[in-house]
Amino acid sequence: MLRRIALVLLCLAMLSGCWSRRELNDLLIVLGIAVDWQDGKYLVSYQVVNPNEIATKSNSTYRAPGILYQEAGNTLFEASRALTTRAPRLLYYGHLQLFVVSEEIARRGLSGVVDSTLRNNEARMDYNVVVARGVNAEDILKLYTPLEKLPTYSMQQSLQRSEKEWAPSVAVNMDKMLHLIKSDGQQLVLTGIVIKGDRKKADKRTNLDGFDPAAYYQYRGLGAFKGDRLIGWLNQKESKGYSDLTDIMGSTSLELPCEDKHYTGIEITASKTKIVPKLKDGKLSYKIKLITTGDVVENSCNSVNLVDPSVFPKLEQKATEIIKENAEAAMKWAQDNHTDIVGLGIWTKRKYPKHWKGITEQWDDVGFPAAEVSYEVKMKINTTGTIGNSISPDQKGG
Amino acid sequence: MYAVLVGIIWLGIAAALDMPAMLKQKSKKDLSAFVVFGLAGLMLHAAHGFRLPFPSPLEFVRFFAIGGK
Amino acid sequence: MDKLSNGVITTRQFRIIIVFSLIGDTILILPNIIGTEAGDDAWLSMLLAIGAGMLVAWLFASLAKRQAGHSLVGSALIMAGKWAGGFISFVYMYSFFIMILTLLVEISLFMETQMMHDTPPEAIILLFVIVLTASLRYGLESFAKMSELLFPIFLLMFLFLSFCLLPQAQLHELLPIASNGIMPILKGAFPAFGFAFMETAAILMLVPNLQGDAKAMSKAIRNGFLIGSSFLLVVVFMCIMVLGPEMMSAQYYPTFLLARRISIGNFLERVEALLAFLWIVTVFSKAALFAYALMKGIGEMIGLRDDKILAMPLALMLLAGTVINTPNIANYNMLLTYYYPVYDVYVYLSLPFIQFLLLGLPAVRKKLAKSREEREKHEPISEMD
């Protein structure tokens, strides 16, 4: 009898908690980390959630939804621990959503900066990494955003959404980033984030007074890396091409010009990319197949008659050209800048592993720029939405 | 210090649980084995507690290496 | 020695114990090692290891038959006499001892680096050893029954893990196949072979407690090896296809990372702590198996009446051993990758093989049969109660 009681008590004792437990009010939940380089040290800013502010029931006391803690240190760990001189609790990385790196650090090399969160057992790998363009990384975390109380959540959602719906952004999480940095067939690409508008007002609540926020963030351009160093930025056209070539594109918008500043808008609904390398006489050539389907979603061209079947091939032809231009622009940028962000190396490695072994060293500088690429673009337009022709009185036909 | 303490407590519990049965059966072998192993364990704990340099048992494995097969 | 003091286990329980001990700590540390050596060909390494493992299964099954109802140590003593047999037994005992040490250190390192960062590893080991001792004192039968109970749960959670990860599996990570030649595949297969298959030799200590005839025993060993290997193969495949070979070699415990990746419909996430249960069960099973083998072996060597009294002193020595033993993780990993499998070949492969050959000698066989008769006269083999 006594033994049973002792056993039960022992089990209970083990359930009550463990050595490493940290209660919720002992945690400083970090949502976003921003790293700048200042005076030879890392300036690390942590955006920490302020639970009172985001709770829907309590009255907001006009404080910011998050708190920005900042510390400088030679290592990120030093900064995080030095923070205890200012913050009442210890940081908890379990809900990290966004990791912002300043452009300067990106140019110096990323792997050292992300190493700390990688080794940490609390931080998971599903947070997104972006590069701050033209601003300090810390400014990104100080922004008031409309609609979502937590700015990092807004930014993360925006990044993931725009990757799917508007191609020139890429949501890279830690998993993917590691994979790309370590792989020798494809180089890393990260999205750049800028702050537009009146930056002075960005970190005040008055930013949100009125319909139009005075300052807002925007994702602009993809930063291409060589190894873990940033070497340049792709513009919108090239970014779209990149998305297409790496088969990330889910949907985007194509604008087909017709006459005099009028466009037909196409929504791409599905896109698949296949890259087929061919090895002949020791020379590599690639055939890139882009297979896309889309719908017409907007038409302000009077000359385009959407009820006439013969119009569709013409539209498809124009769309094909644009897709090909985007892809060519991306490829040209990559080849000019000697970095294989498109991933031709990976396709080569899968198909010709022995040949790949010989050229892998010089791939980015010699092999890739010299690679011959040919495109085969197939575009099919299926529907035109719920109406046939637009209601314009000048619309021909229909 | 704690190491030796743990060892003593552990042996105490072991003795309380097992000794009566063994004494009743008067099995010399069992008793001596128990005492020998118990003291051996205690000695190891003491060695660690007093920070005596003690080679790890696992190091024995190193003798067998061909250095990566 | 009273064999019934440890109880009788059915062939089904025997099989389950084999499966658990085969998976053991392999599932924790192997993907890292095999990924570093073989990269995306790790699955080929695994297949190779399984092939070799089935041969080992055949060896163990035949050896178990030849042991004629004695344990590994018991048959060694009868076969080679007190001194030579005692020496062989001592080698086995020492190996079992350091095996348990390795397992304890491993599980504590795993818990420390992945889950409970601030807990000192000694506390984790202490808790583990307490449970281990309790299991030892209750006897083999209760452990076998517990394993039988846990197996369906284990299977369910494992299937859950695999199915939830299927959407994230990318077949193209398996390409290119064998691009670096056969050497890396062999290099990866060797540790796999060692950890999973060779170390299962401890089951040969359980032969006296087995209920059932020799044929059922061989079948159980064979099936146990097969089932265990399929678990491991699935895990290696998942690691390559979901994580990719780079991540597999970068992370120390890739299977934990696998569990972290589970994300169904954006709401079923962060279940990795639940799945850590799986690895703890298998590591514990392997540790318990080796602990029983150790206890029993020492009992037989000395000729004890009741070997359960050794449980607590042995546990104390284990505690001491781990406390002395915890090396830094790089040292430890290197030891595991390069030195341990070679040691395994000597102790868990060559020695049983030699024993297998020697047990075939007619003189030895007679001695074994006689000893068994004598024992059965004193304690008739009863069916499981």
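Model, not experiment: these values are computed from the prediction. (Residues numbered from 1 in each chain as written. Chains lettered and ligands numbered in written order. Predicted model: local features only at pLDDT ≥ 70, side-chain atom pairs only at ≥ 80, totals over all residues. Heavy atoms only, no water.)

Colleague: Before we go on, may I ask you to explain the domain arrangement of chain A in this structure?
Modeller: How large an interface is tends to be reported as the accessible area lost when its parts come together. All names here are of chain A. Assigned domains of chain A: these are domain 1 (23-234) and domain 2 (238-398). On a C-alpha basis, the centroid separation for the pair domain 1 and domain 2 is 32 Å. On the side of domain 2, 29 residues touch domain 1, which itself brings 25 residues to the contact. Counting each side, the surface lost to burial between domain 1 and domain 2 is near 2,000 Å², with a carbon and sulfur contribution of 57%. Our count for the domain 1 to domain 2 interface comes out at 2 salt bridges. Between Lys-349 and Asp-184 there is a salt bridge, with the nearest N and O atoms lying 3.8 Å from each other. Where domain 1 packs against domain 2, one counts 13 residue pairs in polar contact (both at pLDDT 80 or more). Elements supplying a minimum of two residues to the side of domain 1 that touches domain 2: helix 7 (151-165), strand 8 (215-226) and strand 9 (229-234). Per-element tally for the side of domain 1 that touches domain 2: the top contributor is strand 8, with 5 residues. (Domains from an automatic or database assignment. Contact = heavy atoms within 4.5 Å. Buried area = accessible area lost by both parts, 1.4 Å probe. Salt bridge = Lys/Arg side-chain N within 4 Å of Asp/Glu carboxyl O. Polar contact = N/O pair within 3.5 Å; in protein donor to acceptor, adjacent residues only side chain to side chain. Helix = DSSP H or I, 4+ residues; strand = E, 2+ residues; numbered from the N terminus.)

Colleague: Which parts of the structure should I look at to understand the arrangement of the chains?
Modeller: The protein chains that touch form 2 pairs of chains, and the pair with the most contacts between them is chains B and C. Across all C-alpha pairs, the smallest distance from chain A to chain B is 12 Å, and the two are not in contact.

Colleague: What's the story with the packing of aromatic side chains in this structure? I'm lost.
Modeller: How two aromatic rings sit relative to each other is given by the distance of their centres and the angle of their planes. Counted according to the given criterion, the structure contains 29 aromatic pairs over all chains. For the cation-ring pair, Arg-108 of chain A lies above Trp-37 of chain A, with the distance from its terminal atom to the ring centre recorded as 3.9 Å. (Phe/Tyr/Trp six-rings, centres within 6.5 Å; stacked < 30°, edge-to-face > 60°. Lys NZ or Arg CZ within 6 Å of the ring centre and 35° of its normal.)

Colleague: Can you help me understand the interface of chain C and chain B in this one?
Modeller: Of the residues lining the interface, 39 residues belong to chain C; the matching set on chain B comes to 35 residues. Counting each side, the surface lost to burial between chain C and chain B is near 3,600 Å², with a carbon and sulfur contribution of 76%. On inspection of chain C and its partner chain B, the count reaches 0 salt bridges. Inspection of the chain C/chain B interface yields 2 residue pairs in polar contact (both at pLDDT 80 or more). Those elements that place two or more of their residues in the side of chain C that touches chain B are helix 4 (72-115), helix 5 (121-138), helix 7 (182-197), helix 11 (272-302), helix 12 (311-325) and helix 13 (329-359) of chain C. Broken down by element, the side of chain C that touches chain B gets its largest block of residues, 11 residues, from helix 12 of chain C.

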